[in-house]
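Geometric and topological summary
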There are 2 protein chains.
Amino acid sequence: MVTIKDIAKLANVSTATVSYVLNNTRPVHPDKEKKVREAIKELNYVPNSAARGLRSKKNQTIGLVITDITNPFYPNLAKGCQEVLKQNDYTLMMYNSDEQHDQISNVVRHVREGKLDGIILANLVTTDIDNLKALNELNFPTVIVHRNLKNINMDSVVVDNYSGAHAGTEHLIGLGHKNIIFFQGINESPVTIERKNGYIDAMKTNGLEPCIKEGKGSYQASYSQTLKLINDESQKNPTAIFASSDIMAFGVMDAVKTQGLSVPEDISVIGYDDLFMSSWNSIQLTTVRVPTFELGKQAARLLLRKMNNDSEKKNHLVLQTELIIRKTCNPL
Amino acid sequence: MVTIKDIAKLANVSTATVSYVLNNTRPVHPDKEKKVREAIKELNYVPNSAARGLRSKKNQTIGLVITDITNPFYPNLAKGCQEVLKQNDYTLMMYNSDEQHDQISNVVRHVREGKLDGIILANLVTTDIDNLKALNELNFPTVIVHRNLKNINMDSVVVDNYSGAHAGTEHLIGLGHKNIIFFQGINESPVTIERKNGYIDAMKTNGLEPCIKEGKGSYQASYSQTLKLINDESQKNPTAIFASSDIMAFGVMDAVKTQGLSVPEDISVIGYDDLFMSSWNSIQLTTVRVPTFELGKQAARLLLRKMNNDSEKKNHLVLQTELIIRKTCNPL
DNA sequence: ATGAAAGCGCTAACAA
DNA sequence: TTGTTAGCGCTTTCAT
């Protein structure tokens, strides 16, 4: 293994000088710098990251915690983070576990081991608040993405879930729908709650009665729920369903079709997120677009800023959603 | 920050003893061990990973290189890796970049920096062979997953792409189809080549003429290609299309529907991979299932073994595919 | 079974 | 502008 000593020897300078040119931390005479650079190239030297980390307490790596890598919502967010992190010579470490608790404790351990310089937390559920507080009190650079936290003051970048849902509902109402059902996602998720509230308020403002069903954030649950809904006589027939995520909208639409009904002729459907397959020709889902890539980029940028300027006050960025009108909503 | 010295002091032992109990590397008197453990708990001590890494040249982290995290094929593979790695106290670092070259050089840099203890490479294209060879010569623990390499002897775990494609083609032929078109994926990918060969051989064996079209591994390209195919008069009408990945099959099916034809009544379609949405009710794609999760698990296991037993000869695991018959293929 | 101490490769304080 | 050197927190050799 080639070390800084080898470079120093070959270039006829001290290890300090090598370090200076490596990190640009002090002016170095051009001749010496040249020699050092040549030596580095000749021996194909790469600084050891553990040694660096031990000295400087920085590892150039930041952690991204997501609930489920399998959920097509996250990869783009991760990509966004990665793009800006990479530009700044940081590496992204992804933490993803179906067991919420496991995941957080893992990350906290790594933080305490000094492996991470900062973390980005994506869409945790409200039950994590305690862990979050602990992290916050450690004063460890952390930003929350895609989640709004009322009770705890942490940096965050989120999407305006409320107004996206409000706009989506208004769209349906504008089309003449009155009996609009909302499928909510995972119960504890603030994202779901905000979206639900946007829907409820839009309904009430228009003198309509909100009606919430459980979609549990999954295709399957939404599918069965829809089946039940359609076959339940006591249910006044809904003319539109607002699914609080695209995945759920897919389940809804598939169930509708199974029953010999069609979207949007019999039932209008609107989703939320705008996953990549929502624009496919066979789907053409009208939905509320969430700028996931941008969310990731902004989160990473904010984190980087915090890491360089610890004293800065807390930031709360809110990105806007966009209603994407495709072909799953008809006027009544 | 709590260090090993603090523990040693509090427990009235040497730092060596603390290290021994921490790593179980030497027998320690039960009394002392108890004291040490109490001290660790009391001070809430966690060993610093950089210091450990510097000393022991191990970082308990391994890298997974994938082409595109956005491709729904990979998350499950990553999950599989993560599951076994986590059980063995390793962390997974995901490298994913659309620019192939960038990605590899990044990983190689990290290897040389000593950040990684091993790497798993997923589905690279043939143009990476040089980088791969370099890695191989470094004798750095590496396993290739979902890729078959002829010219270079590296550990690998792959799926039997050839026979999966062969079986899929036979299925179509068994249904009476003769005019079966194969949509190939990304050109340089060995995976695509193997699948194509399986198709070609099955066709020839049955006295049929193979016909390959470019699907480029994407929904869009397959969509347009299918449109062209259907509207091209010179093309004798195909009765079945074998897409070498599900994503491409989706594009094919959507294009077919756009033309007023239907699957499987007018054209049978079969995919490859079995992505999560392939089983959705509106899709029900007949496909060749690739055990992605298992692929990841086996790759991680193999890597771990290599890391502990460097001298072991090269391993080449081949997992089997499974033909999943759903509803997109009709008898002719 | 245990402790003293060297040293992993690097950065940066201090001295020149 | 440059060099000497201490020391980051840990593992492990050597001695006991």
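The rules we used
Within any chain, residue numbers begin from 1 and follow the written order of that chain's sequence. Key to labels: chains lettered from A, ligands numbered from 1, both in the order written. Local features are withheld for residues below a pLDDT of 70 in this predicted model, meaning they are given only at 70 or higher, and side-chain atom pairs are given and counted only at 80 or more; totals for whole chains, interfaces and linings count all residues. The side-chain values count all of the structure's non-hydrogen atoms but skip hydrogen atoms and water molecules. We count a stretch as a helix when DSSP gives it H or I for four or more residues in a row; a strand needs E for two or more, and each element gets its number in order from the N terminus. The reference for a compact globule is 2.2 Å times residues^0.38; the radius of gyration itself is calculated from the C-alpha atoms. Relative accessible area decides the class of each residue, using a 1.4 Å probe on protein chains only: under 20% of the type maximum gives buried, over 50% gives exposed, and in between gives partly exposed. The criterion used for residue contact is that any of the two residues' heavy atoms lie within 4.5 Å. For the area figures, the Shrake-Rupley method with a 1.4 Å probe applies, and any residue is considered shielded solely by the protein chains shown. Note that His is not counted, nor are the chain ends; the positive residues are Lys and Arg, and the negative ones are Asp and Glu. A charge is said to be at NZ when it belongs to Lys, at CZ for Arg, at CG for Asp and at CD for Glu. Here a pair means two rings of Phe, Tyr or Trp (six-membered ring of Trp) with centres within 6.5 Å. Their orientation is stacked below 30 degrees between planes, edge-to-face above 60, and tilted elsewhere. The rule for a charge over a ring is simple: NZ of Lys or CZ of Arg within 6 Å of the ring centre, and within 35 degrees of the ring normal. Residues below a pLDDT of 70 in either copy are left out; the C-alpha atoms of the rest, at least 70 in both, set the least-squares superposition of the copies. We call a set of buried residues a nonpolar core when its members are Ala, Val, Leu, Ile, Met, Phe, Trp, Tyr or Cys and they connect through side-chain atoms within 4.5 Å of each other. Here a cavity is any set of points on a 1 Å grid over the protein atoms alone where a 1.4 Å probe fits but cannot get out, and a pocket is any open set with protein on both sides within 12 Å along at least 5 of 7 lines; a residue lines the site when it has an atom within 4 Å of a point. Grid points are joined across faces, edges and corners, and a volume is the space filled by probe spheres set on the points. Amino acids outside the nonpolar list (Ala, Val, Leu, Ile, Met, Phe, Trp, Tyr, Cys, Pro) and the charged list (Asp, Glu, Lys, Arg) are all regarded as polar, and Gly is one of them. A strand pair is defined by DSSP finding two or more bridges across the two strands. When the strands point away from the viewer, a crossover counts as right-handed if the path from the first strand over the helix to the second runs clockwise. Only the contacting stretch of a helix is used when fitting its axis, a line to C-alpha atoms as for every element, and angles between N-to-C directions run 0 to 180 degrees. By definition, the buried area sums, over both parts, the 1.4 Å-probe accessible area that each loses when the two are put together. We count a salt bridge whenever a side-chain nitrogen from Lys or Arg sits within 4 Å of a carboxyl oxygen from Asp or Glu. Think of a polar contact as two N or O atoms within 3.5 Å of one another; within protein, one of them needs to be a possible hydrogen donor and the other a possible acceptor, and neighboring residues in sequence only count if both atoms come from side chains.

A closer look at the overall build of chain A
Within chain A, the regular secondary structure consists of 12 helices and 12 strands. Computed over C-alpha atoms, the radius of gyration of chain A comes to 25 Å, more than 25% over the 20 Å expected from 2.2 N^0.38 for 332 residues, which places it beyond the range of a compact globule. Classification of the 332 residues of chain A by burial places 55% in the buried group. Restricting to contacts in chain A with at least 6 residues of sequence separation, those with at least 24 account for 71%. In the structure as shown, chain A presents an accessible area of about 14600 Å², 48% of it carried by carbon and sulfur atoms. The distance from the centre of the 38 positive side-chain charges to the centre of the 36 negative ones in chain A is 8 Å.

Quick word on the packing of aromatic side chains
Here a ring pair, both rings aromatic, is described through the centre-centre distance and the interplanar angle of the planes. In the structure shown here, the tally under the stated rule is 16 aromatic pairs over all chains. Judged by centre distance (6.1 Å) and plane angle (20°), the rings of Tyr219 of chain A and Tyr223 of chain A are stacked. Separated by four residues within a single helix, Tyr219 of chain A and Tyr223 of chain A lie in helix H10 (residues 219-231), roughly one turn from each other. Among the aromatic residues, those joined into a ring-pair cluster are Tyr219, Tyr223 and Phe250 of chain A together with Phe276 and Trp280 of chain B. Between Arg26 of chain A and the ring centre of Tyr20 of chain A, over which it is positioned, the NZ or CZ distance is 5.4 Å. Across from the ring centre of Tyr272 of chain A, 3.6 Å away, lies the NZ or CZ of Arg195 of chain A, which sits over that ring.

Let's talk about the relation of the copies chain A and chain B
The operation relating chain A to chain B is a screw motion whose rotation component is 180°, with 0.0 Å of axial translation and a residual RMSD of 0.0 Å. Taken together, the rotation angle and the small translation identify this as a two-fold axis. Here 100% of the interface residues in chain A have copies in chain B that are interface residues too; the copies meet face to matching face.

With respect to the nonpolar core
Of all hydrophobic cores here, the largest spans 134 residues; its most connected members are Phe250 of chain A together with Phe250 of chain B. Dropping the residues within four chain positions of it, Phe250 of chain A is found in contact with Tyr219, Leu275, Met277, Ser278, Ile283 and Leu285 of chain A together with Trp280 of chain B. Counting 34 residues, the second largest nonpolar core, distinct from the first, contains Tyr95 of chain A together with Tyr95, Val107 and Leu149 of chain B.

Looking at empty space enclosed by the protein
Empty space among the atoms can be located by rolling a probe the size of a water molecule over them. According to the stated counting rule, one finds two cavities of 30 Å³ or more in the structure shown. Considered as a void within the structure, the largest cavity measures approximately 220 Å³ in volume. Around the largest cavity sit 13 residues that line it, and Asn59 and Thr61 of chain A together with Asn59, Thr61 and Lys115 of chain B are the ones nearest its centre. Mapped by element, the contributors of at least two residues to the lining of the largest cavity are helix H4 (49-56) of chain A together with helix H4 (49-56) of chain B. Looking at the lining of the largest cavity, its residues break down into five nonpolar, six polar and two charged. The calculated volume of the second largest cavity comes to roughly 40 Å³. Lining the second largest cavity, in full, are Pro72, Pro75, Asn76 and Phe276 of chain A together with Thr70 of chain B. For the lining of the second largest cavity, the class distribution of residues is three nonpolar, two polar and no charged.

Considerations on the pairing of strand S2 (residues 91-96) of chain B
Residue and element names in this part refer to chain B. Counting buried positions over the six residues of S2 gives six, a clear majority of the element. Judged by which residues are buried, S2 turns out to be covered on both faces: Thr91, Met93 and Tyr95 on one side and Leu92, Met94 and Asn96 on the other are all buried. Relative to S2, strand S1 (residues 61-66) is paired through six bridges, and the arrangement is parallel. Bridging across to S2, Ile62 finds its partner in Leu92. Each parallel crossover has a hand, and the one from S1 via helix H5 (residues 74-87) to S2 is right-handed.

Here's the deal with the sheet that holds strand S11 (residues 316-319) of chain A
All names here are of chain A. Strand order across the open sheet formed by six strands is S2-S1-S3-S4-S5-S11, with parallel pairing between neighbours. Across the chains shown, the open sheet's two edge strands, defined by having one partner strand only, are strand S2 (91-96) and S11. Direction aside, the axes of adjacent strands within the sheet are offset by 15° on average.

Remarks on the interface of chain A and chain B
Counting from both sides, the interface comprises 49 residues of chain A and, opposite them, 51 residues of chain B. Summed over both sides, the interface between chain A and chain B buries roughly 4300 Å², with carbon and sulfur atoms accounting for 55% of that surface. Summed over the three residues of chain A that lose the most area to chain B, namely Lys79, Arg112 and Trp280 of chain A, the buried surface amounts to 14% of that side. The interface formed by chain A and chain B includes two salt bridges. The partner of Lys79 of chain A in a salt bridge is Asp68 of chain B, with the nearest N and O atoms 3.2 Å apart. Summed over the shared surface of chain A and chain B, the number is 20 residue pairs in polar contact (both at pLDDT 80 or more).

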